[in-house]
Amino acid sequence: MYVLLVPAIVSAVLGAQLVLSLALLKGDICPGQRGRFHHAFWVPTFAWLILVPSSFFAILPFLTLGIFAFRSKTGKTRRSGPIPLLYVANLLGVVTWITILMAEGGLLVVAGVLQLVLLGASVGHGLLVRARSRLQAFDTLLPLASVMAFMGLMVFVASVAALSHSDIAPSQINAFVAGAGFGLLALAAQIWHLMKRIKPTLWRINAGILFMFAAVTCLNSVVMG
């Protein structure tokens, strides 16, 4: 199970880290939001530790992002933390992501790109809502990015299963169907606020994240055969 979860975890951690970085660097945020965004970086920081058993490289983004989070103020502030260190943490995160996925095979790298968008947008949106972000554009763009990435992932996994196996095992069919079901539940939770035109709620987004992890784990079992 851990082997199937690793590609999903590393894509979610790196994707969420990049979403937070984009919101911090490009978003029009007030001093109060800036401090809450800084505090949110602790989540991907410690999440990198989960990946150390898979690749010792994961200790590098953990250390650099941890130093960035430690040196950044979490109260009201107009100053961002050490931004050059954040760029280094993102670069090391990308290197770790590539290293882990390449060890599992080329097909998983392609799936990993889609999972980076899918899970990164899902977890990143959850962290922004938790930080009480006022960047309304992210509340629309991130769920829509998840929808598009999930559609692409489903097409890719179906293509891999059809081209790689002349006789598809029933377990793979079951995994694909389960992945599709969990994914649709996840998307429904994540875009609910768009359909109802209400503010996103953290519990619903978190439920969507859990369903999406279940979906990606099932789909990874099909790709990894």
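Right above here is the structure, for reference.
Residues numbered from 1 in each chain as written. Predicted model: local features only at pLDDT ≥ 70, side-chain atom pairs only at ≥ 80, totals over all residues. Heavy atoms only, no water.

Draft legend 1. Looking closely at the overall build of the chain. A count of helices and strands for the chain gives 10 helices and 0 strands. Taken from the N to the C terminus, the helices and strands of the chain come in the order α-α-α-α-α-α-α-α-α-α. Against the globule reference of 17 Å for 225 residues, the chain gives a C-alpha radius of gyration of 18 Å, in line with a compact fold. Counting the 225 residues in the chain, one finds 50% classified as buried. In the chain, the share of contacts with a sequence separation of at least 24, taken over all contacts with a separation of at least 6, comes to 78%. As presented, the chain carries roughly 10900 Å² of accessible surface, and 70% of it is formed by carbon and sulfur atoms. Distance between charge centroids for the chain: 23 Å, based on 15 positive and 4 negative side chains. (Helix = DSSP H or I, 4+ residues; strand = E, 2+ residues; numbered from the N terminus. Rg over C-alpha atoms; globule rule 2.2 N^0.38 Å. Buried < 20%, exposed > 50% of the residue type's maximum accessible area, 1.4 Å probe, protein only. Contact = heavy atoms within 4.5 Å. Areas by Shrake-Rupley, 256 points an atom, 1.4 Å probe, with all protein chains shown as cover. Lys, Arg positive; Asp, Glu negative; His and termini not counted. Charge placed at Lys NZ, Arg CZ, Asp CG, Glu CD.)

Draft legend 2. Spatial organisation of a positive patch on the surface. Residues Lys-76, Arg-132, Arg-134 and Lys-199 make up a contiguous surface patch of positive charge. Residue position: Lys-76 is located in the loop between helix H4 (59-70) and helix H5 (83-104). (Patch = residues over 30% accessible without salt bridge, like charges linked within 9 Å, V, L, I, M, F, W, Y side chains within 5 Å. Salt bridge = Lys/Arg side-chain N within 4 Å of Asp/Glu carboxyl O.)

Draft legend 3. Summary view of unusual backbone geometry. For Arg-132, which is not a glycine, the phi torsion comes out positive at approximately 55 degrees. Mapped onto the fold, Arg-132 is located in the loop between helix H6 (106-130) and helix H7 (136-164). You can call Arg-132 exposed: its relative accessible area is 53%. Residue Arg-197 is not a glycine yet carries a positive backbone phi of 55 degrees. Taking relative accessible area as the criterion, Arg-197 reaches 79% and is therefore assigned exposed.

Draft legend 4. Representation of H5 in the model. With 22 residues, H5 ought to run about 32 Å at 1.5 Å a step, and its terminal C-alpha atoms sit 32 Å apart, in line with that. Turning to H5, its buried residues number three or more, namely Ile-83, Leu-86, Ala-89, Asn-90, Gly-93, Thr-96, Trp-97, Ile-100 and Leu-101. In an axial view of H5, the angular spread of the buried residues amounts to 125 degrees, which keeps them on one side of the axis. In H5, the exposed positions that point more than 90 degrees away from the buried face belong to Pro-84, Tyr-87, Leu-91, Met-102 and Ala-103. At the exit of H5 stands Gly-105, carrying a positive phi of roughly 120 degrees. (Expected span 1.5 Å × (residues − 1). Arc of directions from axis to C-beta.)

Draft legend 5. Region of the structure containing the packing of aromatic side chains. Within this structure, the stated rule accounts for 4 aromatic pairs. Ring geometry for Trp-42 and Phe-46: centres 5.6 Å apart, planes at 25 degrees, overall stacked. Taken as a pair, Trp-42 and Phe-46 lie in helix H3 (residues 42-47) at a separation of 4 residues, close to a single helical turn. Residue class for Phe-46 comes out partly exposed when judged on its relative accessible area of 46%. Aromatic side chains Phe-182 and Phe-211 sit 6.3 Å apart centroid to centroid with 25 degrees between the ring planes, which places their arrangement in the stacked category. Residue Phe-182 is found in helix H8 (residues 170-190), and its partner Phe-211 is found in helix H10 (residues 202-223); the two are separated by 29 residues along the sequence. A relative accessible area of 31% means that Phe-182 is categorised as partly exposed. Among the aromatic residues, those joined into a ring-pair cluster are Trp-42, Phe-46 and Phe-62. (Phe/Tyr/Trp six-rings, centres within 6.5 Å; stacked < 30°, edge-to-face > 60°.)

Draft legend 6. Seen up close, the packing of H7 against H8. Remark: H7 packs on H8, axes separated minimally by 10 Å, with the N-to-C direction vectors making an angle of 170 degrees. Between H7 and H8, the angle is such that the two are roughly antiparallel. Taken together, the residues of H8 that come into contact with H7 (itself represented by Pro-143, Ser-146, Val-147, Phe-150, Met-154, Val-157 and Ala-158) are Phe-176, Gly-179, Ala-180, Gly-183, Leu-184, Leu-187 and Gln-190. (Axes fitted to C-alpha atoms, helices over the stretch in contact; angles between N-to-C directions. Parallel < 35°, antiparallel > 145°, perpendicular 65-115°, else oblique.)

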